[in-house]
Amino acid sequence: MNKNTFTAVKLPKGEMNVYDFGGIKLHAYKTNDFIDDEVFVVEKDGKAVIIESPCFFDNNKELEDYLKNVDVAGMLIAYHGAGGSFMPDVPKYAAENAVEYSENGGGKALINNFTAAFGDAFDKSVHKITNVIGEGEVVIGGIKFIIHQTADAFDIEIPEINAVYTHMLGHDCHSIVAGAGHADAIIAQLKGYIDRDFGLILTSHYTPEDLKDAQTKIDYLEELKYIAAKCRNSADFKAEINRLYPEYSGGNYLDMTAGFFFA
């Protein structure tokens, strides 16, 4: 599936890009919220499974309206635990470490930060997980998913559409990279996607991407490590990265990366 082969549905705030695979569809919801969230809906035979949740109240309502004629069989809540008022009666699936991440760990810290930044527009309530899942296959609403646990939560393969979901990629934006070791781990993950020839890579903060985008990110991460090894401090590091990638968004993520490399 070409990442640009979709039907766009304009919504009052966001946009839905619908990829039709024949017997199954992928609805990629571009929320247009303050943190560029992306939510995915996999639909088959009148049933749907949602991957991640919107976390602003207006997006909650918008997505509920969009799905009003679809039987939502479940939600997979990995890295984005906020938005608990969204479809509260739908079964929620998560790995145990993802529950901890959202309720007490790094995810909870992010929820607190977003609450302070965005106030009442942000749905700070955390989804209540009804079904704890582990590594391997899970079938929800007749759709097979393969769960791969990560340090914070879990990634998801969707074999029927040859796609994989992970938290972040973004081929033309900065990412949070917690040092050279973390960069190497991301590179290994992306090389694995290329070796397995996935058609689409889905992430929480970007429209669907492809394997060319994965290679672009690998090249960026290799350059990031090289520049970090040459620089004496975070200011020099950020200046050189910005010189090399002047069009990249996510400057706040670059600040965080510099903090990790030059702690």
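As a reminder, the structure under discussion sits directly above these lines.
Residues numbered from 1 in each chain as written. Predicted model: local features only at pLDDT ≥ 70, side-chain atom pairs only at ≥ 80, totals over all residues. Heavy atoms only, no water.

Looking at helix α2 (residues 96-103)
- Residues of α2 that are buried: Asn-97, Ala-98, Val-99, Tyr-101 and Ser-102.
- The secondary structure elements touched by the buried residues of α2 are β7 (92-95), α3 (106-118), β10 (143-149) and β11 (154-158). (Buried < 20%, exposed > 50% of the residue type's maximum accessible area, 1.4 Å probe, protein only. Helix = DSSP H or I, 4+ residues; strand = E, 2+ residues; numbered from the N terminus. Contact = heavy atoms within 4.5 Å.)

Here we look at the sheet that holds strand β12 (residues 163-166)
- Spatial strand order, β9-β10-β11-β12-β13-β14: 6 strands in an open sheet with mixed pairing. Of all the strands in the sheet, the pair left with one neighbour each is β9 (136-140) and β14 (206-209). Averaged over all adjacent pairs, the angle separating strand axes in this sheet is 25 degrees, with direction ignored.
- As paired elements, β10 and β11 share 4 bridges and run antiparallel to each other. Bridge pairing in β11 links Ile-146 to Glu-157. (Pairing = 2+ DSSP bridges. Axes fitted to C-alpha atoms, helices over the stretch in contact; angles between N-to-C directions.)

Quick word on the sheet that holds strand β8 (residues 131-133)
- Pairing within the open sheet is mixed, and its 8 strands lie in the order β1-β2-β3-β4-β5-β6-β7-β8. Strands with a single pairing partner mark the edges of an open sheet, and in this sheet they are β1 (7-10) and β8. Direction aside, neighbouring strands of the sheet carry axes that sit 25 degrees apart on average.
- Looking at chain direction, strand β2 (residues 15-20) and strand β3 (residues 24-30) are connected through 6 bridges and run antiparallel. Across the sheet, Tyr-19 pairs through a bridge with Leu-26, a residue of β3.
- Contacts between helix α1 (residues 57-66) and the sheet are confined to β1, β2, β3 and β4 (38-44), with β3 contributing the most and set at about 155 degrees to the helix.

Let's talk about the packing of aromatic side chains
- Throughout the structure, instances matching the rule amount to 15 aromatic pairs.
- Judged by centre distance (6.4 Å) and plane angle (50 degrees), the rings of Tyr-79 and Tyr-165 are tilted. Of the two residues, Tyr-79 is situated in the loop between β6 (71-76) and β7 and Tyr-165 in strand β12; the sequence distance between them amounts to 86 residues. One exposure class covers both Tyr-79 and Tyr-165, and it is buried.
- A centroid spacing of 4.8 Å and a plane angle of 50 degrees characterise the contact between Tyr-245 and Tyr-248, whose relative ring orientation is tilted. For the pair Tyr-245 and Tyr-248, a shared accessibility class is recorded, and that class is buried.
- Counting every residue linked through ring pairs, the aromatic cluster contains Phe-34, Phe-56, Phe-114, Phe-118 and Phe-122. (Phe/Tyr/Trp six-rings, centres within 6.5 Å; stacked < 30°, edge-to-face > 60°.)

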